[in-house]
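# Chain and residue survey
Here are the chains, one letter per residue:
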4 protein chains.
Amino acid sequence: MRRVCVVVTARPSYSRIKTVLDAVNAHPELELQLVVAASALLDRYGSVVEQIEADGFTIDTYVYMVLEGESPIIMAKTTGIGIMELSTAFHNLRPDVVVTVADRYETMATAVAAAYSNIPLAHIQGGEVTGSIDEKVRHAVTKLADLHFVATDVAGRRVLRMGEADDRVFVTGCPSIDIAAQMTETQQLSFDPFTRYGGVGDLLDLGHGYIVVMQHPVTTEHHHARLHVEQTLDAVSQTRLPALWFWPNVDAGSDGTSNGLRAFREQNPSAPIHFFKNMAPLDFLELLACSNAIVGNSSVAIREGSFLGVPAVNVGSRQRNRERAENVIDVDYDAAAIADAIRGQLDHGHYTTSTLYGDGKACVRIADHLASAALTFDKQLAY
Amino acid sequence: MRRVCVVVTARPSYSRIKTVLDAVNAHPELELQLVVAASALLDRYGSVVEQIEADGFTIDTYVYMVLEGESPIIMAKTTGIGIMELSTAFHNLRPDVVVTVADRYETMATAVAAAYSNIPLAHIQGGEVTGSIDEKVRHAVTKLADLHFVATDVAGRRVLRMGEADDRVFVTGCPSIDIAAQMTETQQLSFDPFTRYGGVGDLLDLGHGYIVVMQHPVTTEHHHARLHVEQTLDAVSQTRLPALWFWPNVDAGSDGTSNGLRAFREQNPSAPIHFFKNMAPLDFLELLACSNAIVGNSSVAIREGSFLGVPAVNVGSRQRNRERAENVIDVDYDAAAIADAIRGQLDHGHYTTSTLYGDGKACVRIADHLASAALTFDKQLAY
Amino acid sequence: MRRVCVVVTARPSYSRIKTVLDAVNAHPELELQLVVAASALLDRYGSVVEQIEADGFTIDTYVYMVLEGESPIIMAKTTGIGIMELSTAFHNLRPDVVVTVADRYETMATAVAAAYSNIPLAHIQGGEVTGSIDEKVRHAVTKLADLHFVATDVAGRRVLRMGEADDRVFVTGCPSIDIAAQMTETQQLSFDPFTRYGGVGDLLDLGHGYIVVMQHPVTTEHHHARLHVEQTLDAVSQTRLPALWFWPNVDAGSDGTSNGLRAFREQNPSAPIHFFKNMAPLDFLELLACSNAIVGNSSVAIREGSFLGVPAVNVGSRQRNRERAENVIDVDYDAAAIADAIRGQLDHGHYTTSTLYGDGKACVRIADHLASAALTFDKQLAY
Amino acid sequence: MRRVCVVVTARPSYSRIKTVLDAVNAHPELELQLVVAASALLDRYGSVVEQIEADGFTIDTYVYMVLEGESPIIMAKTTGIGIMELSTAFHNLRPDVVVTVADRYETMATAVAAAYSNIPLAHIQGGEVTGSIDEKVRHAVTKLADLHFVATDVAGRRVLRMGEADDRVFVTGCPSIDIAAQMTETQQLSFDPFTRYGGVGDLLDLGHGYIVVMQHPVTTEHHHARLHVEQTLDAVSQTRLPALWFWPNVDAGSDGTSNGLRAFREQNPSAPIHFFKNMAPLDFLELLACSNAIVGNSSVAIREGSFLGVPAVNVGSRQRNRERAENVIDVDYDAAAIADAIRGQLDHGHYTTSTLYGDGKACVRIADHLASAALTFDKQLAY
């Protein structure tokens, strides 16, 4: 039995890793160890603790590591605290392999703690290209990782070109697609989001369609977070459909985004926008699958959106250079351009499914590799 | 005036960066900010504070970050503490660019703190290949860095293949060669090392030659640190020349190495080995230049040794795959093999100068690039 | 010139220390060093940075130290981070004396950092009795402090009985009364709080009077934070006057309190309660002075309230055993009892001024003692 | 079963607490949880891990917290790191009560971590008076603690005067006396210390008597650590007996002391002084019991020395105002005065046993109180 320690650090990363947790749990040769850390523990960013437990998982360790404040120095210090705390967690759990996802500061902290603890590290979602600090962190984590489970062929080729060994890189597809693939060909929402999740704002009539909005602050542009969210607010207000808006992640700049949202609400109390903090992954994907469009800068529009065929308007630089299927239109931080693009997508309607980011079986492949791959922590550049 | 913040964290890294500090100080468009951190501050590893001040530099900030203990968890926690402390230092100094060297945990801490603080990062000695945790850290730092000053053509090609942009990678040669190049064609030691540096052990007659020994514990093999140093002690004892032995760096495993050295001393009080903790860079290089051979696993044997033509016996895995000139013979952790190799090198005598690691002008090139290169902190994979 | 370093860590402590900052600034032999730390920096608890700057002070250092989360472990870790960060701040500022206020975890962190840095420590508000973790911390800080500026005779006698030296304890009165004393005999609010501070909720008619509510979670009862705030919400809803409600401090339990407030708002959108996050100290005191009553568990009701003669309903255990003037009625966490007490106080109307907590000149006395007292950091129990 | 978590942080505190560990282990209603932290884990200060395990205890958690360096800032930062790490340890172990000893920074860290974690805290050795930073910390820990196990009647009265409740203060005697009391009326050493413990220096003839020396740096005088140790070295060199000298604790100043010792050794290689790093508690006490005198500033001379009747020369301020039996002569940091006092004590010979610090049954009383006392963490000043 190999002990596989997965570190869940935020609402979106839980959603993307959930099928892997299931597959590890189900695998006869693997034992799941679950560390829940960082904003995944915090109510104001939508704690996922209750969801995780409702999904049937046992949490082995809680790691508090998020320093409060809005300043880039906070991200550095949070990473430092995370390394101190996660190294203790790994020391106590003694995993055979640690699994981390994506490119956030918790990912960096997980990677450094595992590397210096001589614990093999598996990284999911390496080899992608976006820009901003996430870009640096993602590839640095690749260089600290021993096993790579990438979403696309292109991502896999990039990881190999960075000097990783041929037998350590696996194109598994992205586990976020697994859960999207569980959506049956839903035509209509099976639940009322306002009843189930509360949120803030009027109850809206979703009978004639709706759009979903998720816009995170961009770390390297955090001084403009408020300005950027205001452009999207303006554009979304112009559309003919009601909007379901999701609160941003914790990050430098998130207070700017939050303040922009609060100010808008106070000045436009009757705008047909309802705000949510969180939603169970399956519910969210159903909401997305049934929506007329998604707007903002979340990668969900590009990844899960491609499989679900949801028309997407991607705003600004956050997803720059991420591989796209044909469901995505890119626009700048400009209210008029955003509004135009939304109109175009609403006219177009849904797209056909793309398997660019996976075919829905990533989790099984990842669990199998975790069970069979050689677990080493000493490596060398392949060239 | 650009503020260039250099983080000095250990005896060897000061020695390698010293000519860059001089060149930055001398450059009309650059202002030097000097952070002294980690083991560079600690007496028992040879504090370099006094040397730095004697060399005419002003220290702007002291950063204490080394957690005591002998365990891999210590390296993780020290990195975490380092990030917390260095982010404050950078916040207060507001540098335009941070310069870091090589591949230690302080390098990692410097890189993470700078990256999350949105400060451009320059990395010296990227693109080299060695093995062990240093390997992971070196390349992860490359992915966090914005400017790369590499020692060799091969190293430069590796950094480019890892996806760094063409105009951000500069083959400057290694600044450690600059100082080696300042050695005139010394035939004889100009000072008495016992008088100037004290150390522990009998005063030895160096008139008929001597060998220099530096052997550091290997992080991923730290349980064997004592065994490994004992093989070298055995071999060195068999040679016909006296030995000048330098104490190891702080690292997981350094207590094993230290204990091996202490036990040997107590059991062999009359062996012709003298132990030093530290030496001024120029004095050390003169000592090396005049020596008959260098034994152990220090990179100085391979780098500065190649320029100086000093016969070198490299023991074990620590320098695996590092580019070598013809002055190096590699052997395993085996007393007999080490002793054989030493005999061979003593018979051969000095080699001709190699410019593999630089021609002695790296510091000027680095200062010029720091003054002229675009200073950015947002980048993307080149492919 | 003595360098006096004052650490401001939260909205209420700034309000209580502000006149001391002025008096230190004005004193010819003192130089003010201002460290702003912890929740004083955080928007969601009402950052006081802008107020501090608007009040004409220069902030020397910002110290981020609040770890996010709702758990007692968070308070411990925040204290630890605070010690690490504040010791650096003191090291850089080199103050002759550090001034800290009250009994929060930032106070503890300040005291430990100063004590181990061999910097004399002055403590304001020692010797008071309340209960809960604050009680332990307040007296522990007294034992770490070298100078004591206490509010009342009783507090002074307690500090002496704890073994502090006679010539180190000064009954200065509480600086919080200084600012209260600056309130002229205001009969009517000179500003519109809704216009100036926004906040959340309907604009209320304050022409016929209003009550002020401040209720903080009690650390040792943090699991009941939501239940407790609901009782007060219920009672306040029953009163005939509109309520101005202030958001709680960051603390274990504050999310329970916050959630209770949010849920109430959603279920009672038309209740005549308006929520504020923050207010300039003078504006707040004017609001308090003009109010018909104050309800909750803030010490402001007992301290400044006594001088201003404001009828106060003190709920629960947080202020247990604090010295009271006759303006305070104590009740349990019980909606009916709270409502009864409010009615009684509204019937009674304002009380005459009490100087129990000071006469309005504490700040001048404190500055004079800081300028003239021997500054030492080595002491011994007086018995 | 109550879970009693004891935090062992250094060689001397283990020695003083060992009988309590035995008594807790033996008590039918108590379960021992053992945390080994700080310098107790570090080889260079004499790791006690092997001793603890040889004594039959199971270590539940290791806590690395000592930051390296010689500066007061290090003590502050180490305390901060200790709070972060110990709060995690307590969170995982979920003790019913935490036990801490004495007045070091680890004691402070333990107390703060337990207090903010709402875990009842028992403190051993409160109420004593010494001076220096230890004095502040000892009494601050008293104010954070819920149960007090004091050594002497005078100490108990002091703790009560500081405002602790009558039923929370127990004069148990000091557990350090328990182990001293286990020494039979030894006339002669039952083991050869050189064979068993190695150490550094010549093998000495102890047949005609010997003296024991322990001198720690004083935190508030750390700049003078080297000067102070040199006076004692000078005096001890003048005596007619060989000396067994124990290496100092980790503390600001310990490098000064260490350097003084090293320099002396190199300049006086034939002085009849042998240096030890560590010794099993029973062996050390036997060594002390059989010695002709003890010199330095260790509390062991005053505490265990009083029970054993060992003539003691106490140097300098470190033990200022500690209660003494008649076996102690106090002198300043002055070689001549120290030498005089040693001569006087050697002429006098052994004293009769004093029970000032305990009768040898403290451990049983402490275990009984831990099993029966109400375990609370909320308290108030008794006046």
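Above this text you will find the structure in question.
These figures come from a predicted structure and were not determined experimentally. (Residues numbered from 1 in each chain as written. Chains lettered and ligands numbered in written order. Predicted model: local features only at pLDDT ≥ 70, side-chain atom pairs only at ≥ 80, totals over all residues.)

## Here we look at the nonpolar core
In terms of nonpolar packing, the biggest core is built from 507 residues, with V112 of chain A, V112 of chain B, V112 of chain C together with V112 of chain D touching the most fellow members. Apart from the residues within four sequence positions on either side, V112 of chain A is in contact with I83 and L144 of chain A together with A76, T79 and M108 of chain B. (Core = buried A, V, L, I, M, F, W, Y, C linked by C-beta atoms within 7 Å. Buried ≥ 20, exposed ≤ 12 C-beta atoms within 10 Å, placed from the backbone. Contact = placed C-beta atoms within 7 Å.)

## So, the sheet that holds strand β9 (residues 243-246) of chain B
Residue and element names in this part refer to chain B. The strand order across the open sheet formed by six strands is β10-β9-β8-β11-β12-β13, and the pairing between neighbours is parallel. Of all the strands in the sheet, the pair left with one neighbour each is β10 (273-276) and β13 (328-331). Across the sheet, the mean angle separating the axes of adjacent strands is 20 degrees when strand polarity is ignored. Note: strand β8 (residues 211-214) against β9, four bridges, orientation parallel. Pairing of V213 across the sheet is with W245, part of β9. Sheet contacts for helix α14 (residues 335-348): β8, β11 (293-296), β12 (312-315) and β13; angle to β13, the most-contacted strand, approximately 165 degrees. (Pairing = 2+ DSSP bridges. Helix = DSSP H or I, 4+ residues; strand = E, 2+ residues; numbered from the N terminus. Axes fitted to C-alpha atoms, helices over the stretch in contact; angles between N-to-C directions.)

## Re the interface of chain A and chain B
Each partner contributes residues to the interface: chain A has 41 residues there, and chain B has 41 residues. At the level of elements, α3 (72-93), α4 (105-116), α5 (132-144) and α6 (153-161) of chain A are the ones that each hand at least two residues to the side of chain A that touches chain B. Here the element with the most residues in the side of chain A that touches chain B is α3 of chain A; it accounts for twelve residues. For the side of chain A that touches chain B, the per-class residue count stands at 20 nonpolar, 13 polar and eight charged. (Nonpolar A, V, L, I, M, F, W, Y, C, P; charged D, E, K, R; others polar.)

## Brief notes about the pairing of strand β6 (residues 147-150) of chain B
Residue and element names in this part refer to chain B. In β6, alternate side chains face the same way, and those of L147 and F149 on one face and H148 and V150 on the other are all buried. Strand direction decides the pairing type here: strand β5 (residues 121-124) and β6, joined by three bridges, are parallel. Considered in β6, the bridge of I124 is made with F149. For β6 and strand β7 (residues 169-171), the ladder comprises three bridges, and the chain directions are parallel. Looking at β7, one finds that F149 is bridged to F170.

Such coordinate-based values are descriptive only and should not be taken to indicate function.
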